[in-house]
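# Structural characterization, general
Residues per chain, in single letters:
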Amino acid sequence: MPTLSPFKNKRLAAITLFVALFLGSSSATLLNAQNPKVASFLTLKDLARLDSLEMHFIWASEEPDSTSMAADLNAIELYAKQSQDEQLRLFLNYLTLNYFTFKKIPKPSSRYLELKKLLDGLAKLPQTLLTDRIRAYVEFRMGVYLYNQRANSVTLVNHFLTADLLFRKIGYDNVLLADHKLNRLGTYYMNQVSDFKTAIKYFREGEKYLAKDPIDHYRIDFYKNYANCLGYLKQYDQAIKYNKLAIAQVRLKKDSLKIGTINGNIGEIILNTSPNPAQSEPYFKQELVYRLRYKPKGLGDIAKVYGNLCQVAGVKGNKGEIVQNFEKAVKILNSDPDTLDYHALLSGLYKNRMIADSLIGDFKSAFLHRKGYYEELIVSNEQEIKAITSEASVRFDVEKNKLQAELANEQAQNSRFWVLAISLVLAIVLFGAYFVYYRQKTRREELIQRLSFEQKEAERLVALDETKTRFFTNISHEFRTPLTLLVGPLAELGKKYPTEGMIPVMQRNLSRLQNLINQLLDLSKLEVGKLEPTIQYGDVAHFLRYQFASFESLAQSKQIIFERTQSHQKCLAYFDEDKLEKIVTNLLSNAFKFTNENGRVKVNVQYTTPEGDDHEKGALLTLTVADNGIGMDAERLPRIFDRFYQVDDSQRRHYEGTGIGLALVKELVLALKGTIDVTSKPEKGTTFVVTLPCDAAHWGEFVHVGQTTVEKPDSRLAFESSASSLTEAPVVDKNSEAPLLLIVEDNPDLRHYIRSIFSSTYRIEEAQDGQIGLQMATELVPDVVICDVMMPRLDGFGFCKALKTDIRTNHIPVVMLTAKATLNDRLEGLETGADDYLSKPFHTEELQVRLQNLLKKQQLLQQKYAHLTPIVQATDEVVPAASMDDLFLQKATDVLAKNYTESSFDVDQFAAEMSLTPVQLRRKLKALTNQTVTEYVRNYRLQLAADMLRAKAGTVSEIAYQVGFESLPYFSKIFSERYGISPSEYA
């Protein structure tokens, strides 16, 4: 054998040493030069190594850094190559596909295909615990990819079922982030299969591992999905609890991105289950902020939020918000490119609008949207049936695949048994699929039947509405006959008795009643389309100038500045005189009604015509009526044209009205092919803008040939004229001893009428509202009060309650007059202390008798208190609960007990001690005892003197001086007048 030279031996040894050192140092460098955490994880064994590496990349993906992540992946790749660890190499591919997302992939399906290749590689390796672990995670991730692409297929189900079986084989206690895996499986059964019972089992199982999950958004997602599943199972309290737990997790990270969705979940639960569904509004508004800013699941979710807000607006009774939110929802949904759930979402929006309209009483609109709801629901159910059939087919294929796999494994042992078993299972699955299909078909038929029933019910309601309209029309016509028989005789009486003050009052109110009946008839005609335009060709500017002038006296009486301008002094146009007059009259009447004294009302008319002054086509009349009155809130504007709607329907409103005028104006404007708009601000005023076509192109066929405008006497002037022009009836002298009557009534005609009834027997004072009436009653202390219930500032109930709880005025009898004559209204009035309650219209004789009876009762009360001995009762006696009148007299007695010895004690001092004015004290004592203040004090002293004389407490002169009399002869005189004998004889 040849030998090497010493030199060659040395060189070979050096090379060998260098190679050994290089291999050793490269291995050490590989582990030490990279991330020390990754290096330490690679030294671990089996599941610990895989779980540690994946957890490292999960944390890294929270704040991704492509450079460091690529370096970590390269380190694992080198380690796998050097150690020739095929399992680690495949796991590296899984980590790269799942967490290294910086590399662009042409199609979403490419990542799925790469994972599928990874599964094929795992199938070539021997089956071990590690390969099962990698396969479970790969199967799970592939299922997630298909789920995110909304694929409902056999492949998706197979991936999730396989992952679940492998996780259970490993044991969920040993699975990394087990709660996240179970959350995904539960969500699949909840959203894709609608199997909520199976889904809740996964969620409950996952809750056990939630505390070990360090990833915040995983915990948030788990609570949110768990809450949704509880909501589907109608466990609403638990659903709200877990939604709030999710919000609590969000706030720990100050991550507002998740709050919106969770708040929406809570809002839907409150809206659909809470007795106070309006509490859901703030939750939906928070969700809307999130949706509009980030749009995490497309425009359909934003539309759904607006639909929920539409239903909330119905709970609040806000018609404007209902329409606004619904229109936004439909607009956004129609712009959504994702049309998969379009019909289901649209049916939900129609349902929201249907419920909202029903809540505010707009049943016609509710019927229309209910029809849309069921039409979209039927389309959606057809898609659902297809989906369920597909799902049944998927389940069938899954079971078939599983059974075929088991058959292949054990076919050699018992092939006949498995063939029968598979056939039986297949038969069961097919029967189940048919049952599901049959159930959906039955549900659809029931839905169609229910829709048919509700359509018939809606038709019945429409017929009922027509019947009510016909009834109001007929009864309005019936009113005209007796009204006709009143108008003529009243006119004759006016001529026969020109100085009678009540005839103008009757004529004014008769004219008002005629106007209201005419408005009701016009509305009923417009509703059925029978009020045809009556067009004439004439000078519309002259006609409107005459209409505006008729309001001048009203403006002067209310001290309102009335400005009126027109762009043309003369304008020949086509117009309906009657309808235009009603439009102008109603709008101006409203403007003056809601404008305070020293306010301003402006009316402007613009006539616009095309070039060449061609009236044949394109001529428009624009009428603008503006005031600087009380205005109204923006939320009330959409409803002001509703029939019988009033902005202020309380008993304290400052005006009268029925809510017909503006409804009639809108119908008339529409009948004339025009438009009407309104803007208003509280305390700033209101502006109405009416635009009407007035050219031959619109009205040529309606023109009545030879018809011209005629100036008619304005009945409204008579209605609006002041009551101060009436002839006053004879009145009682204010300095007489006649009873003082206070009339508290906001209607000047009715106030004057009541005054005319009692002016010959009572002294009369008047107040135009409850607040002024209360001040006058406190100052004057009248003998009796007549008051209305519905008044500005302070209504009759509040007035009566304040009067009866004040010791200065509680004794005053009160008669309430009102049109509200129900039992509850009468009970409310009597409970506030009213002594009598009379409904309008009333008979004069009945009102007079009731006042006389109340005054007789007052006289009996005077006799009772006049004969009582005004001495303080002993404190040890048990006495019944005293009335306010008893307490008043007791206080008066206490004041006299302290001051009776002072002969200088006068009315002013007495009133000051009682915290009253002298007038109030005089009126109060007169009402209770029928004695003046001087008589009351004198009788008190005489009673004390009589008691002292009977007890022989001194001589007559001593006792006289002790009780406050300075003149002994005067004392003897008045004592003899009261007791019939002299003081010395009495002793």
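For every chain, the first residue of the written sequence is number 1, and numbering continues from 1 along that sequence. Only residues with pLDDT of at least 70 get local features here, since the model is predicted, and only at 80 or more are side-chain atom pairs given and counted; chain-wide, interface and lining totals rely on the full set of residues. Water and hydrogen atoms play no part in the side-chain values, which are based on all heavy atoms of the structure.

As recorded by an unreviewed UniProt entry, the chain carries the name histidine kinase and is attributed to Runella defluvii. UniProt positions are given in the numbering used here, feature names are shortened, and annotations may be inferred rather than shown by experiment. According to the UniProt record, the Catalytic activity (unreviewed entry) comment for the chain is "ATP + protein L-histidine = ADP + protein N-phospho-L-histidine."

For the rest of this paragraph, the subject is the overall build of the chain. Going along the chain from the N terminus, every DSSP run of H or I of four or more residues is numbered as a helix, and every run of E of two or more is numbered as a strand. A count of helical and extended segments in the chain gives 37 helices and 12 strands. Between buried and exposed lies partly exposed: a residue is buried under 20% and exposed over 50% of the maximum accessible area for its type, with that area taken using a 1.4 Å probe on protein chains only. By the burial criterion, 44% of the 987 residues in the chain qualify as buried. In this description, contact between two residues means that some pair of their heavy atoms is separated by no more than 4.5 Å. Considering only contacts in the chain between residues 6 or more positions apart, those separated by 24 or more positions represent 67%.

Now for the sheet that holds strand β8 (residues 740-744). Hydrogen bonds between backbone groups are what pair the strands of a sheet, and the pairing can be parallel or antiparallel. If you walk across this open sheet you meet the 5 strands as β9-β8-β10-β11-β12, and the pairing is parallel. The sheet is open, and its two edges are formed by β9 (763-767) and β12 (836-839), each paired on a single side. Here the average twist between neighbouring strands, direction ignored, is 20°. Where strand β10 (residues 784-788) lies against strand β11 (residues 814-818), 4 bridges are found, and the strand directions are parallel. Directly across from Cys 787, in β11, lies its bridge partner Met 816. To obtain each axis, a line is fitted to C-alpha atoms, and for helices this fit is confined to the stretch in contact; angles are then taken between N-to-C directions over 0 to 180 degrees. Set on the sheet, helix α26 (residues 748-758) makes contact with β8, β9, β10 and β11; between it and β9 the angle comes to about 170°. Paired strands, as defined in this entry, are two strands with at least two bridges between them according to DSSP.

All right, on to empty space enclosed by the protein then. Grid spacing is 1 Å over the protein atoms alone, the probe is 1.4 Å, and a cavity is where that probe fits but cannot get out, while a pocket is an open set with protein on both sides within 12 Å along at least five of seven lines and lining residues have an atom within 4 Å of a point. Grid points are joined across faces, edges and corners, and a volume is the space filled by probe spheres set on the points. On inspection of all chains with the given rule, the structure shows 3 cavities of 30 Å³ or more. Taken as a whole, the largest cavity holds about 90 Å³ of empty space. The wall of the largest cavity is formed by Ile 535, Tyr 574, Phe 575, Asp 576, Leu 580, Leu 621, Leu 672, Leu 692, Pro 693, Cys 694 and Trp 699. Within the residue set of the lining of the largest cavity, elements represented by two or more residues are β3 (572-575) and β7 (685-693). By residue class, the composition of the lining of the largest cavity is 10 nonpolar, no polar and 1 charged. As a working rule, the residues Ala, Val, Leu, Ile, Met, Phe, Trp, Tyr, Cys and Pro are called nonpolar, Asp, Glu, Lys and Arg charged, and the rest polar, with Gly in that last group.

Note on patches: the residues involved have over 30% relative accessible area and no salt bridge, like charges join within 9 Å, and the nonpolar side chains Val, Leu, Ile, Met, Phe, Trp and Tyr join within 5 Å. To measure how exposed things are, a 1.4 Å probe is used in the Shrake-Rupley method; for residues, cover is taken only from the protein chains shown. The term salt bridge refers to a pairing of a side-chain nitrogen on Lys or Arg with a carboxyl oxygen on Asp or Glu at a separation within 4 Å. Together, Tyr 434, Tyr 437 and Tyr 438 make up an exposed nonpolar region whose accessible area comes to about 370 Å². In this structure, Tyr 434 sits in helix α18 (residues 363-496).

Among buried residues, the Ala, Val, Leu, Ile, Met, Phe, Trp, Tyr and Cys ones that are joined through side-chain atoms within 4.5 Å form a nonpolar core. Within the largest apolar cluster, 79 residues are counted, with the highest numbers of intra-cluster contacts made by Leu 53, Ile 76, Tyr 94 and Leu 95. It is helix α7 (residues 129-148) that contributes the most residues to this core, 11 residues altogether. Once you skip the residues sitting within four places of it in the chain, Leu 53 turns out to touch Val 38, Phe 41, Leu 42, Ile 76, Leu 88, Phe 91 and Leu 95. Of all hydrophobic cores here, the second largest spans 48 residues; its members include Ala 541, Leu 588, Tyr 607 and Leu 664.

Attention now goes to the UniProt feature "modified residue: 4-aspartylphosphate" (unreviewed entry) in the chain. Mapped onto the present numbering, the UniProt feature "modified residue: 4-aspartylphosphate" (unreviewed entry) falls on Asp 788. Residue classification places Asp 788 among the buried residues on the basis of a relative accessible area of 5%.

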